[in-house]
Structures are given as structure tokens and as C-alpha cells.
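# Descriptive analysis of the structure
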Amino acid sequence: MIGGLSVWLLTATASSFVNKSQFWLLALLRGLVGTGEASYSTVAPTIISDLFTGGKRSIMICIFYIFIPVGSGLGYITGQGFASLTGDWHWALRITPIMGAVGLILMIILCPNPPRGAAETHGEGVTEQSSYLEDVKYLLKNKSYVWSSLGVTALAFLTGALAFWLPIFLSRARDNQKLSDKLSDSSDSYIFGAVTVATGILGGALGTTLSRLFRDKVPNADPLICAVGMLGSVPCLFITIFLASASIPGTYVFIFLGELLLSLNWAVLADILLYVVIPTRRATAEALQITVGHLLGDAGSPYLIGVVSDAIYSGNTEKFDSLKYSLLLCPVVGIVGGVFFFITAIYIAEDRKAVQQLLGEEPQPPQHPAPEPSVELSNRGNV
């Protein structure tokens, strides 16, 4: 994690000094920024899972994941603020490395490195070794992991597309209503950032609270919460898309509701991964989920929306209308994501029970366990 954050700090800072004739270098450095971020975000949740279990883990995971939308929202606010204040967009890329340096120092001083599965094995840890290929095979057989990862991909598609296009869409909506001026255009970044921060905090806290209230009573409560969040955001997205041409304030109300419902999912999804995957394979599970989620989700969704918008646009179509119709892909993906989470709900109780049995949290049932967990139990006995 320290190495990943160091790469992120160096490349983020370096990208702020690129001039306009070196776009290729800017693209390369920003790609390396993502590499540093991914190496950190892959390992961090697994360390939290090694330190805490049960309700405490859910709370800590919630706090961790709340800061994703909080940081994203603050990025809109500080980026726009520093760019406006200095008259130079480069300064929008220089403020976050300062915050990152503080985080790096705190991590070096304070962050522990417990044994894998320490919290679930009373500090003993789980020491089995397996190859990367064996880990991948195990994960592909884990139905809860596969379907929830597809749901994460749909969620990443939505959040990536909305984060990129909504400020532009609102700016075009102002033009369409003849409301546009320099102040109101720049204010969209501030408002959208504030909405993202608020919904990230409220949604993350609400999702975790609902999970803790219903998980013991309803074994598949977590994926059902995620399904409700995804499907509940769909009508909000539809209204946002079609209301923008009539009322900007009303549009922000439904943006808030839609992002709130989507934000229910982040911490709950992280918790799902941690309790349906054995400790020694959680980092691999995080890495695969992040890779697939970004590759098929937010890495391509802004581009896809733009391509569809350009295809719709013609001399007889306004740019606002073409973007409006291309954004209809988002609620469609929201429906698909909700279906993925409903399928996850079918398998999650069984997969969670298999991990609990492996770690000795439940007594073994009299019947034979599933083939994959039995291999793990055999290995554990030989350590």
C-alpha cells in the first residue's frame, strides 16, 4: 500500500506539470495514477477484515468506503476552486497530492499488518498457500462473488458515466433554457461535488445500518439492499434525464436521490466480498473485482455514452438532446445490475456458511461439505 500511494503521489504531481503539447504524457501519467490507487485499494479492505469481524468490520468498511464518494465530491469542489482561483487547470491536480502525502505519513507510522484472517481466528491467522491460478478457479466457482462482481461492474458503469457527463449535461440544459452564464456553469461542479459528498456519507451510513439491522434476520439481506439501491435509482435517473430541460433545481433533487440510493451499495458490497471469500484469497478477489469493475464499468462508460451521443447527433438534433438520449443507457444498466444482485441473493447464504465453517465459526454439519471448501479444510489440517 505504501508503494502504491508513493506511485500515486509522484505521478499525480508530475501530471500537473505537463504542458498542452504533451497530451500523451498526461494520459500516461494519469494511467499510472490509477495503477497506484488500485494497488492501495486492493489491499486496504483485506487489512480491515483482518483487524475486525462482525458488526465492527461492517462499520469500519463503511467508514473506509464512505471516503470514496467524499473524495470524489471534494475533487469537483477543490479542482474547480483552485482552477478558478489561479486561472490554471494544472493547480486542480496539485492539491490532492498534498492530502495524499499526509495519508502516506500516517500509514507508515500507524498502519499494522496483521496475519491473514487474524480477527476470525483469534489472532492465529490462516497460513495456507495457493497459486494465483488456484485462487482464480476458486473465485470463479464462488457464485456469490461472481454475481456480486457483475453487480459492482454495473454500479461502476453508472457512477463513472454520471460523474463524467452530468456536469456537462447540466451545463447544456442551462444553455437549452437560456439560463447559461459563466457563474452558473462553474457552479454545477460545486453543487455536483457537494451532492456527491453528502450522498456518499448518508448512503454509506444508511446501507451499513440496514445491513446490520437485517443481516441476522434475513441471510441474504445484503444483496437485496444492493438490488433495491440499484433498481430504486432507475426512476430517479429517468426523471433526472427528462426534467433537466425544464428545471435545474428539480433535477438536482433527483440527482441527490439517485446518488443516495447508489451509495447504499459500496460498503455493503465490500462486506459481501469479505465474508464469502476465505482470508487468504481476499486480496486476489479484491484485485479481480476492481479490474473487471473498472475495465467493463467506469473506464469505458463515459466513452460509450459519448459515442452514442455522437451517433445520435446530427444537424437536426441539438447536442443537449443527443446527450440526453445517450444517457438512457444508465437506467438500463441499473436494471441489469439490480438483477445481478437478486441472483447473488440466491447463493450468498450458502457461500457465507462455507467460509464460516472453514474458519471454525460454526460447527461442521453432518453432511459432506462442498468440494472446494473441503480442499481448504484438508490443507488447514496439514499446516
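Above this text is the structure in question.
The structure presented is a predicted model; accordingly, all values stated were derived computationally and were not measured.

In the structure shown here, the tally under the stated rule is five aromatic pairs. Judged by centre distance (5.8 Å) and plane angle (40°), the rings of Trp-147 and Phe-340 are tilted. With Trp-147 in helix H6 (residues 143–176) and Phe-340 in helix H14 (residues 329–358), the pair connects residues that are 193 residues apart, well separated along the chain. With 5.1 Å between their ring centres and 15° between their planes, Phe-169 and Phe-320 make a pair best called stacked. Here Phe-169 is found in helix H6, whereas its partner Phe-320 is found in helix H13 (residues 319–326), with 151 residues between them in sequence. Across the pair, Phe-320 and Phe-169 agree in class, each one buried. In this structure an aromatic cluster arises from ring pairing among Tyr-40, Phe-64 and Tyr-65. In this structure, Arg-94 packs its charged tip against the face of Trp-91, placed 4.6 Å from the ring centre. Stacked on the ring of Tyr-275, the Lys or Arg Arg-352 has its end atom at 4.4 Å from the ring centre.

So, about the packing of H6 against helix H9 (residues 248–263). Between H6 and H9, whose axes approach to 12 Å, the crossing angle comes to 175°. Here H6 is positioned roughly antiparallel relative to H9, judged by the angle of their axes. On the side of H6, the interface is formed by Leu-155, Leu-158, Leu-162, Leu-166, Leu-170, Ala-173 and Arg-174, while H9 contributes Ile-248, Thr-251, Tyr-252, Ile-255 and Leu-262. For the contact of H6 with H9, the class distribution of residues is 10 nonpolar, one polar and one charged.

Glancing now at the pattern of salt bridges. In total, this model carries four salt bridges according to the counting rule given. With its nearest N and O atoms 3.1 Å apart, the salt bridge here joins Asp-222 to Arg-215. Asp-222 sits in the buried class, given a relative accessible area of 0%. On the basis of relative accessible area, Arg-215 is assigned to the buried category, the value being 10%. Taken together, the salt bridges that share partners define one network made up of Arg-215, Asp-222 and Asp-271.

Conventions and cut-offs
- Residues numbered from 1 in each chain as written.
- Predicted model: local features only at pLDDT ≥ 70, side-chain atom pairs only at ≥ 80, totals over all residues.
- Heavy atoms only, no water.
- Phe/Tyr/Trp six-rings, centres within 6.5 Å; stacked < 30°, edge-to-face > 60°.
- Helix = DSSP H or I, 4+ residues; strand = E, 2+ residues; numbered from the N terminus.
- Buried < 20%, exposed > 50% of the residue type's maximum accessible area, 1.4 Å probe, protein only.
- Lys NZ or Arg CZ within 6 Å of the ring centre and 35° of its normal.
- Axes fitted to C-alpha atoms, helices over the stretch in contact; angles between N-to-C directions.
- Parallel < 35°, antiparallel > 145°, perpendicular 65-115°, else oblique.
- Contact = heavy atoms within 4.5 Å.
- Nonpolar A, V, L, I, M, F, W, Y, C, P; charged D, E, K, R; others polar.
- Salt bridge = Lys/Arg side-chain N within 4 Å of Asp/Glu carboxyl O.

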